[in-house]
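Structural features, examined
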Amino acid sequence: GAVVSQHPSWVICKSGTSVKIECRSLDFQATTMFWYRQFPKQSLMLMATSNEGSKATYEQGVEKDKFLINHASLTLSTLTVTSAHPEDSSFYICSATSGETGALQETQYFGPGTRLLVL
Amino acid sequence: RKEVEQDPGPFNVPEGATVAFNCTYSNSASQSFFWYRQDCRKEPKLLMSVYSSGNEDGRFTAQLNRASQYISLLIRDSKLSDSATYLCVVNTGGGNKLTFGTGTQLKVEL
């Protein structure tokens with residue numbers, strides 16, 4: 001149980017285009033989803049937290065107009081990198097929590113990640 | 001100062017060796033602590049939570065020292081399959097917000 005998928009697994013695009021990444025919880029309802037970014041040899045950095053049906057909360061330094069997050073259902077969140085540039089090339093990983101236990105700290109289940117290369 | 005600091009390694013050890021990783025965190029209000037494992041070009045996977053009393057899961061032992069804000073992971077009888085990057089992760093802000101260390105790379109060799 002607790003499987004999270006991401007699509008696509010990798011994408012190559014030209015500079016200036018927009019790229020949409022999907023994150024799905026396959027066997028549970030995800031009340032909260034998280035989007036992370038990881039550059040080579042660096043740690044995962046939280047970009048934003050999204051709760052179903054509400055606006056995402058972005059971390060300091062993350063441009064909300066550039067990284068559009070939509071969490072329209074309990075099983076799907078999308079991250080759109082708008083007008084992508086080479087410096088946006090990174091490994092984007094989502095995670096999800098179910099909120100079932102009601103605990104303050106829920107286990108996060110990670111998706112397999114999406115590698116983005118912007119030429 | 002980084003919120004979570006780890007020695008990046010790599011630690012190259014022979015199969016069967018015992019190896020220990022350390023991690024320090026800066027936020028004394030941190031409440032939850034974890035070790036994750038990340039294989040090359042893959043997502044991180046939870047290895048174990050770290051409890052105040054210390055805890056063990058097979059060959060893996062985790063320790064937490066709140067006074068020193070220090071977390072450790074001990075791997076006994078290393079296997080080739082243990083080769084990975086080990087991430088120290090701290091819940092710093094309450095709720096579900098996790099802060100990841102940069103990871104310590106382990107290479108287990110024949």
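The text that follows walks through the structure, step by step, so that each part is easy to find. Values in this document were obtained by computation on a predicted structure and should not be read as measured data.

Turning to the pattern of salt bridges, a few remarks are in order. Residues and elements named next belong to chain A. Under the definition given, this model contains 7 salt bridges over all chains. Between D88 and K66 there is a salt bridge; the shortest N-O distance is 2.9 Å. Residue D88 is located in the loop between strand 8 (76–81) and strand 9 (90–97), and its partner K66 is located in the loop between strand 6 (57–58) and strand 7 (67–73); the two are separated by 22 residues in the primary sequence. Note on accessibility: D88 and K66 belong to one class, buried.

Secondary-structure assignment places V13 of chain B in strand 2 (residues 11–14). Classification of V13 of chain B as buried rests on a relative accessible area of 10%.

As a further point, take the layout of surface pockets. Of the voids in this model, the largest pocket is the one considered here, and its volume is about 790 Å³. In terms of lining, the largest pocket is formed by 29 residues, of which the most central are P40, K41 and R115 of chain A together with C40 and R41 of chain B. Partitioning the lining of the largest pocket into residue classes produces 13 nonpolar, 10 polar and 6 charged. Counted as a void, the second largest pocket has a volume near 430 Å³. The class makeup of the residues in the lining of the second largest pocket is 9 nonpolar, 6 polar and 5 charged.

Turning to the sheet that holds strand 8 of chain A, a few remarks are in order. Residues and elements named next belong to chain A. Here 4 strands make up an open sheet; going across it, the order is 1-3-8-7 and the pairing antiparallel. Pairing within the sheet leaves two strands with one partner each, and these edge strands are strand 1 (4–7) and strand 7. In this sheet, neighbouring strand axes are inclined to one another by 15° on average, regardless of whether the strands run parallel or antiparallel. Direction of pairing for strand 7 relative to strand 8: antiparallel, over a ladder of 5 bridges. Each bridged residue has a counterpart across the sheet, and for S73 the counterpart in strand 8 is L76.

Residue and element names in this part refer to chain B. If you trace the 5 strands from one edge of the open sheet to the other, you get 1-3-8-7-6, paired in antiparallel fashion. Because the sheet does not close on itself, it has two edges, and the strands there are strand 1 (4–6) and strand 6 (55–57). Mean inter-strand twist for the sheet, computed between neighbouring axes without regard to direction, equals 20°.

Here the focus is the interface of chain A and chain B. In this assembly, 19 residues from chain A lie in contact with 18 residues from chain B. The residue K97 of chain B makes a salt bridge to E59 of chain A at a minimum N-O spacing of 2.7 Å. On inspection of chain A and its partner chain B, the count reaches 2 residue pairs in polar contact (both at pLDDT 80 or more). When residues of the side of chain A that touches chain B are traced back to their parent elements, those giving at least two are strand 4 (32–38) and strand 9 of chain A. Looking at side-chain class alone, the side of chain A that touches chain B contains 9 nonpolar, 7 polar and 3 charged residues.

What counts and how
- Residues numbered from 1 in each chain as written.
- Chains lettered and ligands numbered in written order.
- Predicted model: local features only at pLDDT ≥ 70, side-chain atom pairs only at ≥ 80, totals over all residues.
- Heavy atoms only, no water.
- Salt bridge = Lys/Arg side-chain N within 4 Å of Asp/Glu carboxyl O.
- Helix = DSSP H or I, 4+ residues; strand = E, 2+ residues; numbered from the N terminus.
- Buried < 20%, exposed > 50% of the residue type's maximum accessible area, 1.4 Å probe, protein only.
- 1 Å grid on protein atoms, 1.4 Å probe; cavity = no way out; pocket = protein on both sides within 12 Å on 5 of 7 lines; lining within 4 Å.
- Points joined across faces, edges and corners; volume = space filled by probe spheres on them.
- Nonpolar A, V, L, I, M, F, W, Y, C, P; charged D, E, K, R; others polar.
- Pairing = 2+ DSSP bridges.
- Axes fitted to C-alpha atoms, helices over the stretch in contact; angles between N-to-C directions.
- Contact = heavy atoms within 4.5 Å.
- Polar contact = N/O pair within 3.5 Å; in protein donor to acceptor, adjacent residues only side chain to side chain.

All we've got here are geometric facts, nothing functional implied.
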